[in-house]
Amino acid sequence: MKILVTGAAGLLGGAVASAMQAAGHQVTALDRAKTSLHSAPGRAQGMTLLQGDILDQETLARAVRDQDAVFHGAAILAPASERDPARARAVNVEGTRRLLAATAAEAERQRRQRGPWPSMRPGIIYPSSVALWGPGDPDGAPRCSDDPIQPSDHYTSQKAEAETMVRASGLPWLVFRVGVVMHPGQIVTNPEIIAWMFEVRPANRIEILHPEDAGRAVLNAIEEPRAWNRILPLGGGPACQVRQQDLLEAAFQALGLGPLPPGIQGREPFYTDWMDSSETERLLRYQRYSFADFRRESAARYR
C-alpha cells in the first residue's frame, strides 16, 4: 500500500514511517525539515521524501496523490502551542483542514479513475492526545473512549477541533488518543518541560508509549476494518502505567544522579492519565514494551 506520513521527522511520525517501510509499504514522508528526515537513522531509506509546508495546498495535492492511507502527524505540541497559539492553530487546525480537503479531492479523483473501491480510500489516521480528557483522578478508573473531553488550553482545544473535522470529513477515519510517546534514548533539554516535570504532583498518572509500539499499532490498523471510524485510546497498557514520581526516579537513576531527593516535586495536576486500551490491544496487538523495559534501556543508554 501507499502511505503518506505527515510530520515524518518527528518522534511519532518517524516511528510510523519506519514501521510502514519495514513492512513493505511505499511511504511518502512529508515534513518541513527534509534534513531531519535524512539524518534520522533508517527512516529515509526506501522512502519518498517530500519537503513542504502542511499549509501549502500544492504540496498537499502532490503528497496525497495515489495514496491509500494518510497518517497525519504534523502538529505543534505544547508548550510551543501556548507560546504562539496563532501559529499552532494555523498548523494544528487549518493544516488539518487543508489536508482533509486535499485527501477528499484525491479520493474523488481515484473514484472517477478506478471506479468504486471495495472500501473507500484513502483513509486518514489522526493522532490526537490523552490530554483532551484533562487532569484525571489519581485514584479513578483509566480513561475510556466515551469519557467526555475537557479541553483546557490552546493545544487541547485545537486537537479537539481537528478531531471533529476528521470525523466529519466523509473519509474513512481513525482517531487515536495517544499517551506519552517516549523513547528510552530521549533526553529532555527544553527548560520549560524540565520545569513542568518538577511542578507536577508525584501521584499524577502517566502512561508511556514506546514509539515502536505506536508504529506497530498504526501499521496493524491500516488493514483492520474493525478499527476504523472509531476513537481508540493508544497507550502502552497496564505495564506502562506509572506515576510522575516513577518517571522522575527512572530519569535520575538512568543519568546516575542517585535517588530522587524527597520534597522537590510540586502539587500541580496535569493532563496525562492512564487509559483503558484493552480493546485497542485486542484489535491491533501492538503492546510489546513495558516501563521496566524503558528503565533498563534508559540505564543502558546513559550508563
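Here goes a summary of the coordinates provided.

**Here we look at the overall build of the protein**
- When helices and strands are counted, the protein shows 11 helices and 10 strands.
- Radius of gyration (C-alpha) of the protein: 19 Å, near the 19 Å computed for a compact globule of 303 residues.
- Once the C-alpha set of the protein is aligned to its principal axes, its extents read approximately 65 × 40 × 40 Å.
- Classification of the 303 residues of the protein by burial places 50% in the buried group.
- Once local pairs closer than 6 in sequence are excluded, the contacts in the protein between residues at least 24 apart make up 80%.
- Total accessible area computed for the protein in this model is approximately 13700 Å², and 52% of it derives from carbon and sulfur atoms.

**Quick word on the environment of Ala300**
- Mapping Ala300 onto the fold places it in helix 11 (residues 291-301).
- Between the C-alpha atom of Ala300 and that of Leu12, which follows or precedes it by 288 residues, the distance is 22 Å.

**Focus: the sheet that holds strand 3 (residues 48-51)**
- Read across the sheet, 7 strands follow the order 3-2-1-4-5-6-9 without closing on themselves; strand pairing throughout is parallel. Of all the strands in the sheet, the pair left with one neighbour each is strand 3 and strand 9 (230-234). With direction set aside, neighbouring strand axes in the sheet form an average angle of 20°.
- Where strand 1 (residues 2-6) lies against strand 2 (residues 26-31), 5 bridges are found, and the strand directions are parallel.

**So, helix 6 (residues 154-167)**
- In a regular helix each residue adds 1.5 Å, so 14 residues correspond to 20 Å; helix 6 covers 20 Å between its end C-alpha atoms and thus fits that length.
- When helix 6 is considered as a whole, its buried residues turn out to be Tyr155, Thr156, Gln158, Lys159, Ala160, Ala162, Glu163, Met165 and Val166.
- Residues of helix 6 that are buried sit in contact with helix 4 (80-83), helix 5 (85-114), strand 5 (123-129), strand 6 (173-178) and strand 9.
- The distance from a side-chain oxygen at the start of helix 6 to the backbone nitrogen of Tyr155 is 3.4 Å, and the residue carrying that oxygen is Asp153.

**Comments concerning the sheet that holds strand 8 (residues 205-209)**
- If you walk across this open sheet you meet the 3 strands as 7-8-10, and the pairing is mixed. Two strands lie at the open edges of the sheet, namely strand 7 (180-181) and strand 10 (241-243), each paired on one side alone.
- In this sheet, strand 8 lies alongside strand 7 in parallel orientation, the contact comprising 2 bridges. Bridge assignment links Val180 to a residue of strand 8, and that residue is Ile208.
- Sheet strands in contact with helix 9 (residues 244-254) are strand 8 and strand 10, and its direction is about 85° off that of strand 10.

**Digging into the packing of aromatic side chains**
- Going through the model one piece at a time under the given rule, you end up with 4 aromatic pairs.
- A ring pair is formed by Phe270 and Tyr271, whose centres lie 4.6 Å apart and whose planes are at 50°; its orientation type is tilted.
- We classify Tyr271 as buried; its relative accessible area is 10%.
- Ring geometry for Phe291 and Phe294: centres 5.9 Å apart, planes at 10°, overall stacked. With Phe291 and Phe294 both in helix 11, this residue pair falls 3 residues apart, about one helical turn.
- For Phe294, a relative accessible area of 8% translates into the label buried.
- Linked through ring pairs, Trp196, Phe270 and Tyr271 together constitute an aromatic cluster.

**Section: the pattern of salt bridges**
- If you walk through the whole model with that rule in mind, you get 17 salt bridges.
- In this structure, the salt-bridge partner of Arg230 is Glu279, at a minimum N-O distance of 2.8 Å. Taken together, the positions of Arg230 in strand 9 and Glu279 in helix 10 (residues 278-284) put the pair 49 residues apart, joining distant regions of the chain.
- The exposure class assigned to Glu279 is partly exposed, which follows from its relative accessible area of 32%.

**Structural notes on helix 5**
- Here helix 5 contains 30 residues, and its C-alpha end-to-end distance of 42 Å stays within 8% of the 44 Å for a straight helix at 1.5 Å per residue.
- Approximately 30° is the largest bend angle found in helix 5, and it occurs at Glu94.

What counts as what
- Residues numbered from 1 in each chain as written.
- Predicted model: local features only at pLDDT ≥ 70, side-chain atom pairs only at ≥ 80, totals over all residues.
- Heavy atoms only, no water.
- Helix = DSSP H or I, 4+ residues; strand = E, 2+ residues; numbered from the N terminus.
- Rg over C-alpha atoms; globule rule 2.2 N^0.38 Å.
- Buried < 20%, exposed > 50% of the residue type's maximum accessible area, 1.4 Å probe, protein only.
- Contact = heavy atoms within 4.5 Å.
- Areas by Shrake-Rupley, 256 points an atom, 1.4 Å probe, with all protein chains shown as cover.
- Pairing = 2+ DSSP bridges.
- Axes fitted to C-alpha atoms, helices over the stretch in contact; angles between N-to-C directions.
- Expected span 1.5 Å × (residues − 1).
- Polar contact = N/O pair within 3.5 Å; in protein donor to acceptor, adjacent residues only side chain to side chain.
- Phe/Tyr/Trp six-rings, centres within 6.5 Å; stacked < 30°, edge-to-face > 60°.
- Salt bridge = Lys/Arg side-chain N within 4 Å of Asp/Glu carboxyl O.
- Bend = angle between axes of the 7 residues up to and from the residue.

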